[in-house]
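Structural overview
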Amino acid sequence: MSWLSSSQGVVLTAYHPSGKDQAVGGNHGKVGEEATPSRKYGQYTMNQEVTKVSEKPPYDRSSSQDSLDELSMEDYWTELENIKKSSENRQDQEVVVVKEPDEGELEEEWLKEAGLSNLFGESAGDPQESMVFLSTLTRTQAAAVQKRVETVSQTLRKKNKQYQIPDVRDIFAQQTESKEKAPDGTESQSVRTNENKYQGKDDQASSLVVGEKELIPLVPEEAPASETDINLEVSFAEQAVNQKESSKEKPQKSRGDDAPLLNFRLPKDKTGTTKIGDLAPQDMKKVCHLALIELTALYDVLGVELKQQKAVKVKTKDSGLFCVPLTVLLEQDQRKVPGTRIPLIFQKLISRIEEGGLETEGLLRIPGAAIRIKNLCQELEAKFYEGTFNWENVKQHDAASLLKLFIRELPQPLLSVEYLKAFQAVQNLPTKRQQLQALNLLVILLPDANRDTLKALLEFLQRVIDNRDKNKMTTMNVAMVMAPNLFMCHALGLKCSEQREFVMAAGTANIMHLLIKYQKLLWTIPKFIVNQVRKQNTENHKKDKKAMKKLLKKMAYDREKYEKQDKSTNDADIPQGVIRVQAPHLSKVSMAIQLTEELKASDVLARFLSQESGIAQTLKKGEVFLYEIGGNIGERCLDEDTYMKDLYQLNPNAEWVIKSKPS
């Protein structure tokens, strides 16, 4: 492919910044110029018209695919130049300072975020408290935890801290027996077999080799593509290890040129697909702990450095629209509209763009007039919450420029200070499959406000792309235009050479492309992580049950009576192969349903809704969902294609309730 044919043999190198305290702000000069320090892309100046700066000849959008690829790069550099020009005379705002942690601090913080802080420090207690959690980890996950525990232990010993310092051998003693087994107890060979049914032989993308690094190019939308399921049943890091081992046993064949055309889809899961937002908060917290450990394990296996950043708190605006933290925006928005999860100004800007029609050619690519944008910003700040702002004055391209401005001027990046570098590092993973796996875990790890806003943005971008025949904005074009707004505006204060800027341009545009194209997949919680949560809950229940029996014995209660009651709690008056479904807010509040091989969650809902009157039935459809509650899960909203018998066998002690989703 000629996507980067203008590179002329530029050598791309890995992007691993290092250094002490650094201010957030990009330093990306255009190609051919030496980068200059202290450019702040998060700041927008509108005192001059934005002009398209390019020395390349114009490209005909209707010509060959090669021209389209060249034009996509042109879109990226033009957008970056527009951002620079509009930032030059903007009044300085507070700069986010990113502190490089001291030795051991990074690992200590990592263990806290992974829910393992009780293994060390002042809060160190009985390691048994974490044994349930550790017992559910895969080999690679356990190795990632062990590596961080060892580093923290060594650091604490060096500093002679008077804390209880864990012995790694004690903590992981229970892991040795299960190292050859998967989380569900099956032999690792069967895990590998399960993985192989998903592993496409051409997963290794045909790469652009530049120097010592390879970059997976974007694929034109028009090209034919084969589809394969992405494996969500086996740990991603375990898949990477197995792939490495199998490649040693059987030397890999030369890569096929059709590899980039391989697309991935969500596999059909009889126990139901779990989306972000489907689980109760206590289970979602466990998912986040496991996602962090899994992401770290995956990066460890693939030899890619994963360094989280920590933003030092600085003074930010506590009201207004632009340059305001997402959490502050949502707090003030929720006073106006309770339950709001996406900033109102963000929603309104998208709405205004859509009102102008998504068929407008060059939508998102063509900037609004700079003077108008400046005036509109000031007017919005003064009148938006009063409800007196006249949206009729906002032209479509101006609204698009304001939307991008909003994203750039967030005090901390939409992808978060903590994980921005991890998102950028996705470009260094060797295969498209592994890039998607890493992005999946990173999306799970984003704070709720960031994740919800990112989802709204990606859904909007997809709607723009759906009109590509008219607006000439393909996934590739949109990715090129939006990448600088999400990635380059917070480049963590590093000086950026032309070579590095080229890496960032190609890499971040590719990541943006994947975020847009695979957003449904990326908002799915992998089945292996849900299963690990189920296992944790089961082990915790056993522990609690054991403690309760001890307590009952001490209190001289009839243990036998208790055990009988406990055993019959879920089985009372319900025949084998039948579940009792509760629907407290519907006309039919309860129903016994016979389980069959083909019975789905949608069928159960349909039976209840058929009892409603015509209008109520229409209103309730799409507003109520079947939930799996208790047993080995806290609470889970079921996908309509869930096969109830299969799920019942996975969680026989669950209760089944029809209700609406919490706002």
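Scoring rules and cut-offs
- Residues numbered from 1 in each chain as written.
- Predicted model: local features only at pLDDT ≥ 70, side-chain atom pairs only at ≥ 80, totals over all residues.
- Heavy atoms only, no water.
- UniProt positions renumbered as here; feature names shortened; annotations may be inferred.
- Pairing = 2+ DSSP bridges.
- Helix = DSSP H or I, 4+ residues; strand = E, 2+ residues; numbered from the N terminus.
- Axes fitted to C-alpha atoms, helices over the stretch in contact; angles between N-to-C directions.
- Phe/Tyr/Trp six-rings, centres within 6.5 Å; stacked < 30°, edge-to-face > 60°.
- Lys NZ or Arg CZ within 6 Å of the ring centre and 35° of its normal.
- pLDDT = per-residue confidence, 0-100.
- Contact = heavy atoms within 4.5 Å.
- Expected span 1.5 Å × (residues − 1).
- Buried < 20%, exposed > 50% of the residue type's maximum accessible area, 1.4 Å probe, protein only.
- Parallel < 35°, antiparallel > 145°, perpendicular 65-115°, else oblique.
- Nonpolar A, V, L, I, M, F, W, Y, C, P; charged D, E, K, R; others polar.
- Polar contact = N/O pair within 3.5 Å; in protein donor to acceptor, adjacent residues only side chain to side chain.
- Core = buried A, V, L, I, M, F, W, Y, C linked by side-chain atoms within 4.5 Å.
- Domains from an automatic or database assignment.
- Arc of directions from axis to C-beta.
- Salt bridge = Lys/Arg side-chain N within 4 Å of Asp/Glu carboxyl O.

Looking at an unreviewed UniProt entry, one finds the chain named Rho GTPase-activating protein 18 and attributed to Puma concolor. UniProt, in the comment section headed Subcellular location (unreviewed entry), describes the chain in these words: "Cytoplasm". Note on the chain: under the UniProt heading Subunit (unreviewed entry), the record states "Interacts with MPHOSPH6."

Looking at the sheet that holds strand β9 (residues 590-594)
Strands sit in the order β9-β8-β12-β10-β11 across an open sheet of 5 strands; the sheet is mixed. Two strands in the sheet have a free side with no partner beyond their single neighbour: β9 and β11 (633-637). Looking at each pair of strands side by side, their axes are set apart by 25° on average, direction ignored. Relative to strand β12 (residues 655-660), strand β8 (residues 578-582) is paired through 2 bridges, and the arrangement is parallel. Bridge pairing in β12 links Q582 to V657.

Let's talk about the packing of aromatic side chains
Counted by the stated rule, this structure contains 6 aromatic pairs. Judged by centre distance (5.6 Å) and plane angle (50°), the ring pair of F346 and F406 falls under tilted. Pair noted here: F346 is in helix α11 (residues 344-355) and F406 is in helix α13 (residues 396-408), with a separation of 60 residues, a long-range link. Linked through ring pairs, F384, Y385, F389 and W391 together constitute an aromatic cluster. The aromatic ring of W110 is capped on one face by R148, whose charged end is 5.5 Å from the ring centroid. A cation sits over an aromatic face here: K659 above Y627, 4.7 Å from the ring centre.

Here we look at the confidence of the model for the chain
Of all residues in the chain, 64% have pLDDT values of 70 or greater, and the mean over the chain is 76. Below a pLDDT of 50 lies the segment residues 489-495, which in the model reaches 37 contacts outside its immediate sequence neighbourhood of four places, other chains included. For the stretch residues 567-571, pLDDT sits under 50, and the model shows 2 contacts to residues farther than four places along the chain or on other chains.

Here we look at unusual backbone geometry
Unlike most non-glycine residues, L364 shows phi in positive territory, near 80°. One can find L364 in the loop between α11 and α12 (370-383). Unusually for a residue other than glycine, K472 sits at a positive phi of about 60°. For K472, the location among the structural elements is in the loop between α17 (468-471) and α18 (475-486).

What to know about helix α16 (residues 448-465)
Counted at 1.5 Å a residue, the expected span for α16 with its 18 residues is 26 Å, and the 26 Å between its end C-alpha atoms agrees. Of all the 18 residues making up α16, 13 are buried; the element is thus mostly covered by neighbouring parts of the structure.

Remarks on the packing of helix α14 (residues 417-425) against helix α15 (residues 432-445)
At a closest axis distance of 10 Å, the pairing of α14 and α15 adopts a crossing angle of 170°. When the interaxial angle is binned, α14 and α15 end up roughly antiparallel. Side by side, α14 and α15 meet where Y419, A422 and F423 of the first sit next to L439, L442, V443 and L445 of the second. A breakdown of the residues in the contact of α14 with α15 according to their chemical character gives 7 nonpolar, no polar and no charged.

With respect to the side chain of E628
Note on placement: E628 falls in strand β10 (residues 624-630). Side chain to side chain, E628 and N651 meet in a polar contact 2.8 Å long. Excluding its chain neighbours within four sequence positions, the residues that come into contact with E628 are R534, I633, G634, E635, R636, L638, L647, N651, A654, E655 and W656.

Some points on the nonpolar core
Ranked by internal contacts, the top residues of the largest apolar core, which has 129 residues, are Y299, L402, L461 and M512. Looking at this core element by element, the count peaks at 12 residues for helix α9 (residues 281-302). A domain split of this core shows at least three residues from each of domain 1 (99-160 + 280-308) and domain 2 (326-523). Within the second largest apolar cluster, 22 residues are counted, among which are M591, A601, M644 and W656.

Observations regarding helix α10 (residues 326-336)
Taken residue by residue, α10 has L326, L329, L330, Q332 and D333 as its buried positions. Here the buried residues of α10 occupy an arc of 170° about the axis, which is enough to place them on one side. Where the residues of α10 are buried, they touch α11, α13 and α16.

Concerning the pairing of β9
In summary, the side chains of a regular strand alternate between the two faces of the sheet. Only one face of β9 is covered, namely the face carrying M591 and I593; the face carrying S590, A592 and Q594 is uncovered. As judged from the 5 bridges shared by β8 and β9, these two strands associate in the antiparallel manner. Bridging across to β9, Q582 finds its partner in S590.

Observations concerning the side chain of T78
Here T78 shows up in helix α1 (residues 65-87). For T78, a relative accessible area of 11% puts it in the buried group. Within the structure, T78 has its side chain in polar contact with the backbone oxygen of E74 (distance 2.8 Å).

Focus on the packing of α13 against α18
For the pair α13 and α18, interaxial distance at closest approach is 8 Å and the crossing angle is 35°. Judged by residue contacts, K404, I407 and R408 of α13 engage V481, M482, N485 and L486 from α18. The class makeup of the residues in the contact of α13 with α18 is 4 nonpolar, 1 polar and 2 charged.

Notes on the pattern of salt bridges
In total, this model carries 22 salt bridges according to the counting rule given. Where K527 meets D269, a salt bridge forms, and the shortest distance between an N and an O atom there is 3.2 Å. Placement of the pair is K527 in helix α21 (residues 527-554) and D269 in the loop between β6 (262-265) and α9, with a sequence separation of 258 residues. For the salt bridge of E597 with K645, the shortest nitrogen-to-oxygen distance reads 3.0 Å. With E597 in the loop between β9 and α23 (601-609) and K645 in helix α25 (residues 644-650), the pair connects residues that are 48 residues apart, well separated along the chain. We classify E597 as partly exposed; its relative accessible area is 45%.

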